[in-house]
Amino acid sequence: MGYETKTIRIAMNGITGRMGYRQHLLRSILPIRDAGGFTLEDGTKVQVEPILVGRNEAKIRELAELHKVSEWTTDLDAVIADPTVDIIFDASMTSLRAATLKKAMRAGKHIFTEKPTAETLQEAIELAQIGKEAGVTAGVVHDKLYLPGLVKLRRLVDEGFFGRILSIRGEFGYWVFEGDVQAAQRPSWNYRKEDGGGMTTDMFCHWNYVLEGIIGKVKSVNAKTATHIPARWDEAGKEYKATADDASYGIFELETPGGDDVIGQINSSWAVRVYRDELVEFQIDGTHGSAVAGLNKCVAQQRAHTPKPVWNPDLPVTESFRSQWQEVPANAELDNGFKLQWEEFLRDVVAGREHRFGLLSAARGVQLAELGLQSSAERRTIDIPEITL
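Every value quoted in this text rests on a predicted model; they were computed, and no experiment measured them.

Attention now goes to the pairing of strand β15 (residues 289-293). Taken across its five residues, β15 has five buried, putting it largely inside the fold. Both faces of β15 are covered, namely the face carrying Gly289, Ala291 and Ala293 and the face carrying Ser290 and Val292. With four bridges connecting them, strand β14 (residues 280-286) and β15 associate as antiparallel partners. Along β15, the bridge assignment pairs Ile284 with Ala291. Hairpin connection from β14 to β15: two residues lie between these consecutive antiparallel strands. In this structure, β15 lies alongside strand β16 (residues 298-302), joined through five bridges in antiparallel fashion. In the strand pairing of β16, Ala293 is matched with Cys298.

Strand order in the open sheet made by the nine strands is β17-β16-β15-β14-β8-β13-β12-β9-β18, with mixed pairing throughout. Only two strands of the sheet have a single partner each, and these edge strands are β17 (326-327) and β18 (382-383). The sheet contacts of helix α7 (residues 199-214) involve β8 (165-173), β9 (217-226), β12 (247-255), β13 (261-269) and β14, and relative to β12 the element is tilted by about 25°. Relative to β9, helix α9 (residues 359-378) is tilted by about 50°, and along the sheet it contacts β9, β12 and β18.

Right, let's get into unusual backbone geometry. At the junction of Lys115 and Pro116, the peptide bond is cis and its omega measures out at -15° in the coordinates. Positioned with a positive phi, Lys68 is a non-glycine residue whose angle comes to about 55°. With respect to the helices, strands and loops of the structure, Lys68 is situated in the loop between α2 (57-66) and β4 (71-73). Lys68 sits in the exposed class, given a relative accessible area of 69%. A positive phi angle, close to 60°, is found at Asn331, a residue other than glycine. Secondary-structure assignment places Asn331 in the loop between β17 and α8 (337-351). The exposure class assigned to Asn331 is exposed, which follows from its relative accessible area of 66%.

This part takes up the packing of helix α4 (residues 94-106) against helix α5 (residues 121-134). For the pair α4 and α5, the least separation of the axes is 9 Å and the interaxial angle reads 15°. The angle between α4 and α5 falls in the class roughly parallel. The way α4 lies across α5 gives a crossing that is left-handed. For the pair α4 and α5, contact is made by Ala98, Leu101, Lys102, Met105 and Arg106 and by Glu123, Glu126, Leu127, Ile130, Gly131 and Ala134, respectively. In the contact of α4 with α5, the residues fall into six nonpolar, one polar and four charged.

A few words now on helix α6 (residues 148-158). Those residues of α6 that sit buried are Pro148, Gly149, Leu150, Lys152, Leu153, Leu156 and Val157. Those residues of α6 hidden inside the fold are in contact with β8, α7, β14, β15 and β16. Trailing α6 by a residue or two, Gly160 shows a phi angle of about 75°, which is positive.

Before going further, it helps to spend a moment on the environment of Asp202. In this structure, Asp202 sits in helix α7. Under the relative-accessibility criterion, Asp202 is labelled buried at 17%. It is 9.1 Å that separates the C-alpha atoms of Asp202 and Val366, two residues lying 164 residues apart in sequence. Sequence-distant contacts of Asp202, defined by excluding residues within four places in its chain, comprise Arg186 and Trp270.

Let us now look at the nonpolar core. Burial of nonpolar side chains together is a common tendency in soluble globular proteins. Core analysis: the largest hydrophobic core is formed by 47 residues, its most contacted members being Leu153, Phe162, Trp207, Phe252, Phe282 and Ile284. Looking at this core element by element, the count peaks at eight residues for α7. The residues contacting Trp207, other than those within four sequence positions of it, are Lys144, Phe172, Ile266, Ser268, Val280 and Phe282. Residues Ala11, Ala104, Val140 and Ala362 belong to the second largest nonpolar core, which totals 29 residues.

We note that the domain assignment places domain 1 (3-142 + 335-357) and domain 2 (143-334 + 364-380) within the protein. Between the C-alpha centres of domain 1 and domain 2 there is a distance of 28 Å. The interface of domain 1 with domain 2 comprises 24 residues on the first partner and 18 residues on the second. Summing both sides of the interface, domain 1 and domain 2 together bury roughly 1,700 Å²; the carbon and sulfur share of this comes to 64%. For domain 1, the biggest contributors to the area lost against domain 2 are Lys115, Leu121 and His142; these three give 31% of the whole. Taken together, the connections running from domain 1 to domain 2 amount to one salt bridge. We note a salt bridge from Asp143 to Lys115, for which the minimum N-O separation is 4.0 Å.

The rules behind the values
Residues numbered from 1 in each chain as written. Predicted model: local features only at pLDDT ≥ 70, side-chain atom pairs only at ≥ 80, totals over all residues. Heavy atoms only, no water. Buried < 20%, exposed > 50% of the residue type's maximum accessible area, 1.4 Å probe, protein only. Helix = DSSP H or I, 4+ residues; strand = E, 2+ residues; numbered from the N terminus. Pairing = 2+ DSSP bridges. Contact = heavy atoms within 4.5 Å. Axes fitted to C-alpha atoms, helices over the stretch in contact; angles between N-to-C directions. Parallel < 35°, antiparallel > 145°, perpendicular 65-115°, else oblique. Left-handed = near helix turned anticlockwise from the far one by under 90°. Nonpolar A, V, L, I, M, F, W, Y, C, P; charged D, E, K, R; others polar. Core = buried A, V, L, I, M, F, W, Y, C linked by side-chain atoms within 4.5 Å. Domains from an automatic or database assignment. Buried area = accessible area lost by both parts, 1.4 Å probe. Salt bridge = Lys/Arg side-chain N within 4 Å of Asp/Glu carboxyl O.

Right under this line is the structure:
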């Protein structure tokens with residue numbers, strides 16, 4: 001008896017960008033395609049067929065030829081209207097995203113998208129409402145929850161390793177060159193508020209789902225934003241004024257599913273030099289133990305193995321605090337986080353069910369970013385109201 005084969009056609013918009021190309025095309029969809037797809041529990045074979053979409057015809061054609069992708073286009077509206085296309089993926093500029101997603105869902109397309117989904121909470125909620133009414137499967141990239149380090153950290157939470165969780169602290173960022181002497185590692189629009197740029201807008205969407213996915217509900221935010229580097233140079237070598245924040249320092253009140261209060265603190269900066277093991281690290285402290293997780297590695301220290309430091313500024317430190325932590329094993333083979341979520345999303349599309357990380361989750365991320373900016377402007381803590389459709 002032969003099993004059914006389903007081919008899902010995915011229009012990938014904004015694929016010439018750094019994230020769209022490297023993580024979504026190169027490390028996710030192409031590996032799935034080149035492996036011949038994947039098999040569902042009932043034996044159905046799922047294959048993917050990418051269609052590259054972008055505004056720069058020369059770049060799109062070049063990528064299509066390089067990776068043996070037969071279809072490409074610069075006409076986004078046409079591909080949304082194409083009845084043979086199943087999914088619209090969007091990794092374009094934030095300021096263009098909401099319009100693309102609205103058109104796609106109203107055309108009956110499933111969507112998978114980068115964040116933030118919109119520039120305002122009102123528009124993000126509207127997207128969630130449209131998705132619900134259209135009955136499509138909508139997925140929003142929550143890649144960090146699929147990273148090996150955070151998978152291990154979440155496992156420690158689930159196993160009760162920490163006892164009562166007290167706090168979570170995060171450090172994220174690196175030095176993004178201004179662009180005058182050395183080329184910047186990020187596009188110039190990231191530093192222009194009028195183009196949808198800004199650290200808070202970009203990263204609080206991530207921190208919301210990380211905090212929700214690891215600890216629990218985010219109840220309040222108190223943030224301070226800054227534009228540490230006031231002038232940068234764009235891709236053409238032209239100096240421009242940085243109008244968006246390039247750093248954001250946030251304190252969050254959280255609540256676990258069991259009702260315990262937890263304090264969160266995350267520093268995010270593109271104007272910091274790295275003195276940690278990875279570009280992002282999170283530390284959870286609890287009554288029974290602590291753990292520090294990055295993108296890949298996670299180390300932990302149990303209460304029974306916690307040393308007893310004594311403060312004495314008159315003597316040099318002789319013990320190695322880092323060596324007193326034990327690495328947490330993966331105990332499984334963990335693939336690229338973006339690819340793992342793509343496969344989960346595609347399974348949901350075939351099954352006709354909701355994806356667990358959808359547009360409502362994305363709206364809460366936009367809400368946290370919006371309230372974070374408001375908190376900084378008004379210099380106060382802001383409670384986070386519940387979003388309902």
